[in-house]
Amino acid sequence: MGLAEEVAERVRQHEERILKGWLDALRDSASFRQELTGEEELRESCEAILAQLVDALHAMEANATMEEAWRPLREQLVVLTQAWVELGFSPAELAGFITLLRQPLVEALDGGTTEHLLDMISLINRLLDRLSLWAAEIFQRSQSDIIRRQQEELMELSTPVIKVWNGIVALPLIGTLDSSRTQVVMESLLTRIVAEQARVAILDITGVPTVDTLVAQHLLKAVTAARLMGAECIICGIRPNIAQTMVHLGIGLDEVTTRATLADAIAVALDSMGLRMVGKEVDS
Amino acid sequence: MTANRIPIMQVGASLLVSIQIELDDQTALQLQDDLTQRVSESGARGILLDVSSVWMIDSFIGRTISDTAAMARLLGAETVVVGVKPEVAITLVELGVPLRGVRTALNMDCAMELLESITSGS
């Protein structure tokens with residue numbers, strides 16, 4: 001019987017004891033907030049992981065590659081970690097969850113010479129270290145998934161295209177314009193131009209903190225693309241200090257109609273469509 | 001490879017060209033030839049180029065359209081391109097082919113209006 005098989009046998013024999021030891025350790029541990037998950041669920045998770053651990057040890061003995069033998073356990077861990085990240089567990093707690101299994105496992109080993117015991121303990125140590133590394137990695141990955149999703153949502157939220165009038169759309173830009181954002185802005189602007197059959201598009205850059213050569217280049221791209229489709233673009237909302245910087249940087253935006261405020265831009269847009277706003281005549 | 005020929009229709013003082021196939025380089029060049037020929041023969045004042053069913057315009061074809069417009073202008077005709085798709089517009093901008101010297105229109109209505117103002121003004 002190989003070492004892994006032997007350890008697996010011991011773990012199965014003493015499963016109840018190990019489980020109890022582990023759960024007790026978790027309950028007593030100050031750094032593990034057991035209240036975040038229910039006691040019953042925690043027990044089920046622990047049981048499942050222990051069972052998978054035994055299977056993995058057997059698989060190792062049966063000459064499967066490391067990767068293959070541990071895949072089911074790893075998948076189990078992925079599901080558990082992802083659920084716990086949502087519940088608000090910290091990475092330290094996840095690592096602690098694994099390391100607290102060490103003591104009960106080691107206690108369950110008996111028999112054989114001291115050397116043999118040492119071998120088994122070192123095997124267990126290696127396995128548990130690997131498990132906690134996995135947990136950390138999975139935790140990290142789910143965190144970055146969340147961040148990426150939020151970034152995408154932010155991107156969507158930050159580019160609303162507003163219909164001002166029949167044939168006039170406005171796009172208030174807020175935040176820094178980088179190339180990936182320009183891409184999204186441009187796409188949603190062009191799609192809306194087609195959808196609304198808009199002949200004038202107003203880009204309001206009141207919310208853009210700085211306009212440097214790169215941002216100006218991005219703006220010009222959007223303007224040019226809109227022009228290619230047959231829509232005229234007006235840029236407005238350039239603040240005085242930004243206008244100063246732009247001229248100093250040599251950004252004239254010569255080919256584009258620009259206005260100071262959105263109201264002025266709307267007036268220009270209406271004018272170019274042959275419309276005019278008039279005050280209502282009040283009968284006295 | 002033989003080039004496809006795209007039909008050119010004359011309506012009043014304008015030439016109408018509707019591109020219903022994906023353009024390849026040869027076809028684009030053939031169109032350039034045919035159009036300049038027709039403009040000079042007919043004395044047309046405006047050209048309407050409908051690209052609303054074209055999904056792809058690469059830098060060569062973009063430049064060919066630009067060049068054709070410039071040539072037509074030398075012969076006395078303004079070019080109006082109508083129906084550029086958003087995807088095509090983005091590609092052209094990214095490729096750095098902004099079709100300078102070409103008038104653009106969102107739809108046929110706008111294009112006809114523009115053409116009218118071009119051909120009626122002496």
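Not measured: the values here are computed from a predicted model.

**Some details on the pairing of strand S2 (residues 168-174) of chain A**
Residues and elements named next belong to chain A. Most of S2 is tucked away: five of the seven residues are buried. As paired elements, strand S1 (residues 162-165) and S2 share three bridges and run antiparallel to each other. Pairing of Trp165 across the sheet is with Ile168, part of S2. With antiparallel pairing between neighbouring strands as the criterion, S1 and S2 make up a hairpin whose turn holds two residues, including Gly167 at a positive phi of roughly 85°. The parallel pair S2 and strand S3 (residues 200-207), bridged by helix H8 (residues 179-196), forms a crossover whose chirality is right-handed.

**With respect to the interface of chain B and chain A**
With 14 residues of chain B at the contact, the number on the chain A side is 15 residues. Those elements that place two or more of their residues in the side of chain B that touches chain A are helix H3 (86-95) and strand S5 (103-105) of chain B. With five residues, H3 of chain B is the largest single contributor of residues to the side of chain B that touches chain A. Across the side of chain B that touches chain A, the residue classes break down as 12 nonpolar, two polar and no charged.

**Focus on unusual backbone geometry**
Unusually for a residue other than glycine, Gln197 of chain A sits at a positive phi of about 50°. Its place among the elements puts Gln197 of chain A in the loop between H8 and S3. At Leu99 of chain B, a position not held by glycine, the phi torsion is positive, near 50°. Within the element layout of this structure, Leu99 of chain B appears in the loop between H3 and S5. Taking the number of C-beta atoms within 10 Å as the measure of exposure, Leu99 of chain B has 22 and is therefore buried.

**Re the confidence of the model for chain B**
Mean pLDDT for chain B: 90, with 98% of residues reaching 70 or above. Reported for the predicted complex are a pTM of 0.63 and an ipTM of 0.79.

**Some remarks on the environment of Ile61 of chain B**
Residue and element names in this part refer to chain B. Locating Ile61 in the fold gives a position in helix H2 (residues 59-74). Assessed through the 23 C-beta atoms surrounding it within 10 Å, Ile61 is described here as buried. Not counting the four nearest positions on each side in its chain, Ile61 is found in contact with Leu23 and Ala28.

**Looking at helix H2 (residues 15-28) of chain A**
All names here are of chain A. Between its terminal C-alpha atoms H2 stretches 20 Å, which fits the 20 Å expected from 14 residues at 1.5 Å a residue. Every buried residue of H2 is accounted for by Ile18, Trp22 and Leu26. Across the axial projection of H2, the buried residues extend over an arc of 65°, all falling on one side. H2 presents Glu16, Arg17, Arg27 and Asp28 as exposed residues on the side facing more than 90 degrees away from its buried surface. Next to the buried residues of H2 lie helix H1 (3-13), helix H3 (39-61), helix H5 (91-99) and helix H6 (102-108).

How each quantity is defined
Residues numbered from 1 in each chain as written. Chains lettered and ligands numbered in written order. Predicted model: local features only at pLDDT ≥ 70, side-chain atom pairs only at ≥ 80, totals over all residues. Buried ≥ 20, exposed ≤ 12 C-beta atoms within 10 Å, placed from the backbone. Helix = DSSP H or I, 4+ residues; strand = E, 2+ residues; numbered from the N terminus. Pairing = 2+ DSSP bridges. Right-handed = clockwise from strand over helix to strand, strands pointing away. Contact = placed C-beta atoms within 7 Å. Nonpolar A, V, L, I, M, F, W, Y, C, P; charged D, E, K, R; others polar. pLDDT = per-residue confidence, 0-100. Expected span 1.5 Å × (residues − 1). Arc of directions from axis to C-beta.

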